[in-house]
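Working through the structure, step by step
Here is how the chains run, residue by residue.
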Protein chains: 2
Amino acid sequence: MSEQKVFQEFLAEKNLRMTYQRKTILDVFLKTKTHVSPEDLYNLVKKRDSSIGQATVYRTLKLLSEAGLASEVDFGDGVMRYEHKYGQRHHDHLVCEVCGKKVEVFDPLIEELQEKLAKKHGFILTNHKMYLYGICNKCKRLQKKTR
Amino acid sequence: MSEQKVFQEFLAEKNLRMTYQRKTILDVFLKTKTHVSPEDLYNLVKKRDSSIGQATVYRTLKLLSEAGLASEVDFGDGVMRYEHKYGQRHHDHLVCEVCGKKVEVFDPLIEELQEKLAKKHGFILTNHKMYLYGICNKCKRLQKKTR
DNA sequence: TATAAAAATGAAAATGAAAATCATTATGTT
DNA sequence: AACATAATGATTTTCATTTTCATTTTTATA
Ligand SMILES: [Mn+2]
Ligand SMILES: [Mn+2]
Ligand SMILES: [Zn+2]
Ligand SMILES: [Zn+2]
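No experiment lies behind these values; they were computed from the predicted model shown.

**Comments concerning the packing of helix H2 (residues 20–31) of chain B against helix H4 (residues 54–66) of chain B**
All names here are of chain B. The N-to-C vectors of H2 and H4 enclose an angle of 70°; their axes lie 10 Å apart at closest approach. By the angle class used here, H2 and H4 are roughly perpendicular. Contacts from Gln 21, Arg 22, Ile 25, Leu 26 and Phe 29 in H2 reach Thr 56, Val 57, Thr 60, Leu 61, Leu 63 and Leu 64 in H4. The class makeup of the residues in the contact of H2 with H4 is seven nonpolar, three polar and one charged.

**Here we look at the side chain of Arg81(B)**
Residue and element names in this part refer to chain B. You can see Arg 81 is positioned in strand E2 (residues 81–84). Looking at Arg 81, the relative accessible area reads 18%, which means it is buried. At 2.7 Å, the side chain of Arg 81 and the side chain of Asp 77 are in polar contact. Excluding residues within four positions of it along the chain, Arg 81 makes contact with His 35, Val 36, Ser 37, Asp 40, Ser 71, Glu 72, Val 73 and Phe 75.

**Let's talk about the sheet that holds strand E3 (residues 92–96) of chain A**
Strand order across the open sheet formed by six strands is E4(A)-E3(A)-E5(A)-E5(B)-E3(B)-E4(B), with mixed pairing between neighbours. Edge strands, defined here as strands with exactly one partner in the open sheet, are strand E4 (102–105) of chain A together with strand E4 (102–105) of chain B. Each strand axis lies, on average, 20° off the axis of its neighbour in the sheet, ignoring direction. As defined by bridge partners, strand E3 (residues 92–96) of chain B adjoins E4(B) across four bridges and the pair is classed as antiparallel. Across the sheet, Val95(B) pairs through a bridge with Lys102(B), a residue of E4(B). Sheet strands in contact with helix H5 (residues 108–120) of chain A are E3 and strand E5 (124–135) of chain A together with E3, E4 and strand E5 (124–135) of chain B, and its direction is about 130° off that of E5(A).

Definitions and limits used
Here the residue numbers are simple positions, counted from 1 along each chain's written sequence. Ligands are numbered from 1 and chains lettered from A, in the order in which they are written. Two thresholds apply to this predicted model, a pLDDT of at least 70 for residue-level local features and 80 or more for giving and counting side-chain atom pairs, whereas whole-chain, interface and lining totals are computed over all residues. Water and hydrogen atoms were dropped before computing side-chain values, which therefore reflect all heavy atoms in the structure. Interaxial angle, 0 to 180 degrees, is taken between N-to-C directions of lines fitted to C-alpha atoms, where a helix line uses only the stretch in contact. Helix and strand definitions follow DSSP, with helices as H or I runs of at least four residues and strands as E runs of at least two, each counted in order from the N terminus. Our angle categories are set so that under 35 degrees counts as roughly parallel, over 145 as roughly antiparallel, 65 to 115 as roughly perpendicular, and the remainder as oblique. Contacts: residue pairs with any heavy atoms within 4.5 Å of one another. Each residue is assigned to one class: nonpolar for Ala, Val, Leu, Ile, Met, Phe, Trp, Tyr, Cys and Pro, charged for Asp, Glu, Lys and Arg, and polar for all the others, Gly among them. Partly exposed describes any residue whose relative accessible area lies between the buried limit of under 20% and the exposed limit of over 50%, with all areas from a 1.4 Å probe on protein chains only and scaled to the type maximum. Throughout this description, a polar contact denotes any pair of N or O atoms lying within 3.5 Å of each other; where both atoms belong to protein, one of them has to be capable of donating a hydrogen while the other can accept it, and for residues adjacent in sequence the pair is counted only when both atoms sit in side chains. Should DSSP find at least two bridges between two strands, the strands are regarded as paired.

Dropping the structure here:
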């Protein structure tokens, strides 16, 4: 099923309306590749239609998250970011603290152990956030040279 | 070594001064049990000495983090929190999305796999954040009753 | 199709945590 | 003491996000 269709059904379910603005924002969002902030997206949306307001972009990103089309990514720099979720496998993030490089990573065993760990404490796990911070290969090499 | 001593040495190392305010803020921080926000701590500090300003509390918490005495905890609710780090084993957090209950958890195997996962991508892991969100036992039972 | 009800929008203002500013005060060093 | 440096607290600023609210758009109903 297409993302537009998923959104449509999500909205119908909640008695919300598929408006021109929401359609446009989803469309522009789907064209992005990396992790976009609401402001990033707002700027892209403005290019297509400058009458769309940023409050609507914020509101729509919330809806896209609820609909399972976007997921929030919080690198801890004070700005929320969003990435595609629909049809994407879940993954976590590895971030270089020097150059900011982001790598999407996935380890099925870690995922399984997270589940078990939660269960062990009587919890049903619904979701999780995992961010690994380190120094990437390139920055490692540069540091050696400088030393 | 005592926390006060650790802080003292950290400050000396950085050519910073151990002031009455810093001493007081560390002291009050060490008396806390759970995850405190800067504002929480500011309110506690005010009780001891109402002349201490909140900017100093923010600044000192930053220093305590650098000194390895406190660690930042970000539950994603827009407020940073701090917890004791000195002499504490590293742990991650399991959070109930219904009642907000927080459990401190640790799985050595997960930690090891995080290390390996980073290495696999050419990174040297320096730290990580892991938050598990779910529904606790108590809230699970309450939900069943209501249904 | 007209009409009423409900939802959505955009501009602007409000919010709130955190950081920055800056005049004043405290501390350490010759 | 005299000077240099660091720290402080009141205040202002910043900036992402949320809220407000008058207006517009969409949908349901007559
Ligand atoms: Mn994951
Ligand atoms: Mn951890
Ligand atoms: Zn790097
Ligand atoms: Zn609970």
